[in-house]
Amino acid sequence: MPKGVVENVIGATAGTKLREMLHQLEIDVVNLKGKQEKVLDVFALRDQVGEEYQHLVEQGLNLKAEETRIETCDLIITRQVALIEEELKKTGGLAAARKQRNPPEDLKYWFIDIPYYAAKKKRLKTTLIAVPIVVVVLVIVAFVSIRLWGPGNVKARANTYFVNAQKYMERGELDNAAKELQSAMRTLKNYGEAMTYYGVVLEKQGKEAESKTTLTDAQNVMKDRRKYLMTLGKAYEYANDITKAEETYTLLIKTSPNYEDAYYERGLIYEKANKAKEAFDDFTKASELAQKSGNKSTYDNALLRLNIVKKTISTSG
């Protein structure tokens, strides 16, 4: 039987099993919080993925795409070592789990706690040297935080109105959303985000002139055009105007072509619209830019969405 036929047969059977396991692993590695000792189930699944991958490689199957997905999962696991150790705190962490399972040293994800604690020990030593300074700084920060960010302060109340408005916008209750946004703007002067959302609500209510004035004022208050356009795009999303949201993110990309979050947000819109190729391109660009800028959150999220979109493309192809 020709090699290509063999690969197709394997891909339709054992290959399918690997992809299904990988799909579950991709979901699990970003949902570790609250799992406690069940975090080890994720590590067990990663072991199974590795065994299945090695088994298929030995049969001559080309698994480059799957290899990339595995590496992405390993990267996400490594970056969550602090969370993993916290979840496993009651059972002795990864160190205790290794004693029970005795994994080989080449399974590096089982040993991610070792460099983590080494770095933590080094940081602790540095911190102890600077304890007097740190104490003073913490006292000042605590005082300022209570004055500016405490639960009863102006900003917190304004933010409550703002969040309520977002919920109303999602449900299409524009009049209620407008009232909440007006309360937010009265509570906190020059609240640029609330002004932007209010401008979108006015637009949806057909009050074009008032909307333009409000959006202009919002942009002047926020000053940072990139932040303004990102806020405007999200406001259109909450108002269920996906076309305007896409247009806004596209404009943001034209004016700030190296802004990873804009590509990521537009990629999400493309993905929901089943535009897999466009989503793939945007998530790829977002991950590349986020890696360069050190934006860990966007980098991890973009890689995860990228792998999911890859599966969609390969299935449709």
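For clarity, every value in this text was computed on a predicted model and none was experimentally measured. (Residues numbered from 1 in each chain as written. Predicted model: local features only at pLDDT ≥ 70, side-chain atom pairs only at ≥ 80, totals over all residues. Heavy atoms only, no water.)

At a minimum axis distance of 11 Å, the contact between helix α13 (residues 225–238) and helix α15 (residues 260–272) shows a crossing angle of 15°. In terms of orientation, α13 lies roughly parallel with respect to α15. Relative to α15, α13 is oriented so that their crossing is left-handed. Here α13 contributes Met 230, Lys 234 and Glu 237 to the contact with α15, which in turn contributes Asp 261, Ala 262, Glu 265 and Ile 269. The residue inventory of the contact of α13 with α15, partitioned by class, reads three nonpolar, no polar and four charged. (Axes fitted to C-alpha atoms, helices over the stretch in contact; angles between N-to-C directions. Helix = DSSP H or I, 4+ residues; strand = E, 2+ residues; numbered from the N terminus. Parallel < 35°, antiparallel > 145°, perpendicular 65-115°, else oblique. Left-handed = near helix turned anticlockwise from the far one by under 90°. Contact = heavy atoms within 4.5 Å. Nonpolar A, V, L, I, M, F, W, Y, C, P; charged D, E, K, R; others polar.)

Attention now goes to the pattern of salt bridges. Enumeration according to the criterion identifies 16 salt bridges in this entry. Measuring nitrogen to oxygen at the nearest pair gives 3.6 Å for the salt bridge that ties Glu 66 to Arg 19. With Glu 66 in helix α4 (residues 64–79) and Arg 19 in helix α2 (residues 14–28), the pair connects residues that are 47 residues apart, well separated along the chain. Of the charged contacts, one joins Arg 266 and Asp 282 as a salt bridge, the two residues approaching to 2.7 Å between their closest N and O atoms. Placement of the pair is Arg 266 in helix α15 and Asp 282 in helix α16 (residues 276–293), with a sequence separation of 16 residues. No difference in accessibility class separates Arg 266 from Asp 282, as the two residues are buried. Residues participating in the shared-partner salt-bridge network are Arg 79, Lys 296 and Asp 300. (Salt bridge = Lys/Arg side-chain N within 4 Å of Asp/Glu carboxyl O. Buried < 20%, exposed > 50% of the residue type's maximum accessible area, 1.4 Å probe, protein only.)

Quick look at unusual backbone geometry now. The phi torsion at Gln 36 lies on the positive side, around 50°, for a residue other than glycine. Mapped onto the elements, Gln 36 comes out in the loop between α2 and α3 (39–58). Although it is not a glycine, Lys 223 sits at a positive phi angle of roughly 65°. Residue placement: Lys 223 occurs in the loop between α12 (208–222) and α13.

This part is about α12. Counted at 1.5 Å a residue, the expected span for α12 with its 15 residues is 21 Å, and the 21 Å between its end C-alpha atoms agrees. Within the span of α12, buried status applies to Ser 211, Thr 214, Leu 215, Ala 218 and Met 222. All buried residues of α12 lie within an arc of 100° about the axis, which places them on one face of the element. Opposite the buried face of α12, by more than 90 degrees, sit the exposed residues Ala 209, Lys 212 and Asn 220. (Expected span 1.5 Å × (residues − 1). Arc of directions from axis to C-beta.)

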